[in-house]
Amino acid sequence: MHVIWGSDSVCDFRFKFKFTTALDNKMLQSIRTTAGRSAGAYGPQLAAQRFKSTKSKCELESLNGTSLKNNPNPCRKTAKKHTIITNPKAQATTISAVPTTPKTTIPHAPAPSAASMQAAHTANTAHKLPPPDSDPTMGRIVAITSGKGGVGKTTSAASFAMGIASKSNTVCVVDFDIGLRNLDIHLGAERRVVFDFINVLNEECSLQQALIKDKRVEGLSMLAASQTKDKDSLTVEGVERVLNELCKKFDYVILDSPAGIESGAKVSERLSMVSSLKN
Amino acid sequence: MYFADDAVVVTNPELSSCRDADKMIGFISSRSRRAELGAKPVEMSLLITRYDADRAELGESLSITDIQELLGLDLVGVIPESKSILTCTNNGTPVITLEGKGDNAGGAYSDMVDRFLGADTPMRYVTPEEPSFFKRLFGK
């Protein structure tokens, strides 16, 4: 028996529970009331935790889009969610280790691999950028680009970023010219670079550590490119995660693109490859 | 660039950089995330740098109208060729800091920022400077 139940309760957080086992009405009722109460009173995380502790066999899947929208502090919550839902191993063991109650029999027990895959998928969506124009609180990403090199992209990016920041906006300018960083020189911050974009991408440091504040204009920060790594270090998922974090912090995220279309083409290619793998 | 909401396409008034920019515009409109998701397309605008109004007048370089016809984008700014840009880069100060200090490029960048944020600022420094009275009197 498959019961799919969605609740748009107080905090607009939707859980979808799939019961793969046959459950009698009484048990279903008790689960409903538990979930309803905890989701209403304590918020989604606690509801999720409580659900784990009830040890009913259910796959818990949070629909990410709706949860992010009404979230007052998305950064913290997604981090928390990460620890709760996205530990595939733990979840798999919970599912397999739970002693079965006499009334429930499992004709088609969910394979741990399937559960972990789903958990991994949820982890990926937590770091993804929301669909364009869906969240007005997210900053805009402005790419400074040109096909040819040497036309003044970096010069323009530095001036443009400083101009926008001086109109009381918060701005982060990101040097995407991995391997040939220049933006720090234009902004006069070359001696302040300790961590760079690739360090953030590889999670060797936090984003906050890598951001360099401008000494002249309040609200302008810079993320330097790496001089030792090359463009191959960029991954679509990594870049998306960092941009997602940046968009939550800043009004404008200005990307100083490298010359040529090769790297961009590569990024798109990789993305199509990833999506085909997912399917 | 793949994740961009807006794009500022930078070009010089010369054919090779315009053609590369054209290719880039096609690339952004077809391969960006917004294009793939079917969302509102990336808002592109054109920034012309190193523009020399005198040479454009003489037909030695492409003019603003030529570039606009070629690329078909809204113009967000025209930055005149200026010697101070090199000095600024070496000093580590963005050119926009020279705004109001008698430098054309600084003012042009400041106008560009205003236009990007939605203001309707008229273009400056796009026509050749009128020779001053003394220059006219004594020649160059």
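Residues numbered from 1 in each chain as written. Chains lettered and ligands numbered in written order. Predicted model: local features only at pLDDT ≥ 70, side-chain atom pairs only at ≥ 80, totals over all residues. Heavy atoms only, no water.

One open sheet holds the 8 strands; their spatial order is E6(A)-E7(A)-E5(A)-E8(A)-E4(A)-E1(B)-E2(B)-E3(B), and the pairing between them is mixed. The open sheet terminates on both sides in strands that have one partner only, identified here as strand E6 (212–213) of chain A together with strand E3 (74–80) of chain B. Alignment of strand E4 (residues 140–145) of chain A against strand E1 (residues 6–11) of chain B, held across 4 bridges, turns out to be parallel. Residue pairing across strands places Ile144(A) opposite Val8(B), the latter belonging to E1(B). On top of the sheet, helix H7 (residues 153–166) of chain A reaches E4, strand E5 (171–175), strand E7 (220–223) and strand E8 (252–256) of chain A together with E1 and strand E2 (43–51) of chain B; it is set at about 170 degrees to E8(A), its chief contact. Along the sheet, helix H11 (residues 236–249) of chain A contacts E4, E5, E7 and E8 of chain A; its crossing angle with E8(A), the most-contacted strand, is approximately 140 degrees. (Pairing = 2+ DSSP bridges. Helix = DSSP H or I, 4+ residues; strand = E, 2+ residues; numbered from the N terminus. Contact = heavy atoms within 4.5 Å. Axes fitted to C-alpha atoms, helices over the stretch in contact; angles between N-to-C directions.)

All names here are of chain B. Residues of helix H5 (residues 84–91) that are buried: Ser84, Ile85, Cys88 and Thr89. Within H5, the buried residues cover an arc of 140 degrees as seen down the axis, which keeps them to one side. With respect to the buried face of H5, the exposed residues turned more than 90 degrees away are Leu86, Asn90 and Asn91. Of the residues one or two after H5, glycine 92 is the one with positive phi, at around 75 degrees. (Buried < 20%, exposed > 50% of the residue type's maximum accessible area, 1.4 Å probe, protein only. Arc of directions from axis to C-beta.)

Turning to the interface of chain B and chain A, a few remarks are in order. Every contact between the two is made by 44 residues of chain B and, on the other side, 48 residues of chain A. Contact between chain B and chain A buries roughly 3800 Å² in total, counting both sides, with carbon and sulfur atoms accounting for 65%. By the criterion of area lost to chain A, the three top residues of chain B are Met1(B), Phe3(B) and Val10(B), representing 16% of everything that side buries. The tally of links from chain B across to chain A stands at 5 salt bridges. Across the pair Arg33(B) and Glu240(A) runs a salt bridge whose closest N-O atoms are separated by 4.0 Å. Put simply, chain B and chain A have 19 residue pairs in polar contact (both at pLDDT 80 or more) between them. Contributions of two or more residues to the side of chain B that touches chain A are made by E1, helix H1 (15–31), helix H2 (33–37), E2, H5 and helix H6 (104–116) of chain B. Examining the composition of the side of chain B that touches chain A, we find that 9 residues originate from one element, H1(B), more than from any other. (Buried area = accessible area lost by both parts, 1.4 Å probe. Salt bridge = Lys/Arg side-chain N within 4 Å of Asp/Glu carboxyl O. Polar contact = N/O pair within 3.5 Å; in protein donor to acceptor, adjacent residues only side chain to side chain.)

This part takes up the side chain of Thr11(B). With respect to the element layout, Thr11(B) can be found in strand E1. We classify Thr11(B) as buried; its relative accessible area is 0%.

Direction vectors running N to C along H7(A) and H6(B) enclose 65 degrees, while the axes themselves pass 9 Å from each other. Seen from above, H7(A) lies across H6(B) with right-handed handedness. Contacts between H7(A) and H6(B) involve Thr155(A), Ser156(A), Ser159(A), Phe160(A), Gly163(A) and Ile164(A) from the former and Tyr109(B), Met112(B), Val113(B) and Phe116(B) from the latter. Here the residues of the contact of H7(A) with H6(B) sort into 6 nonpolar, 4 polar and no charged. (Left-handed = near helix turned anticlockwise from the far one by under 90°. Nonpolar A, V, L, I, M, F, W, Y, C, P; charged D, E, K, R; others polar.)

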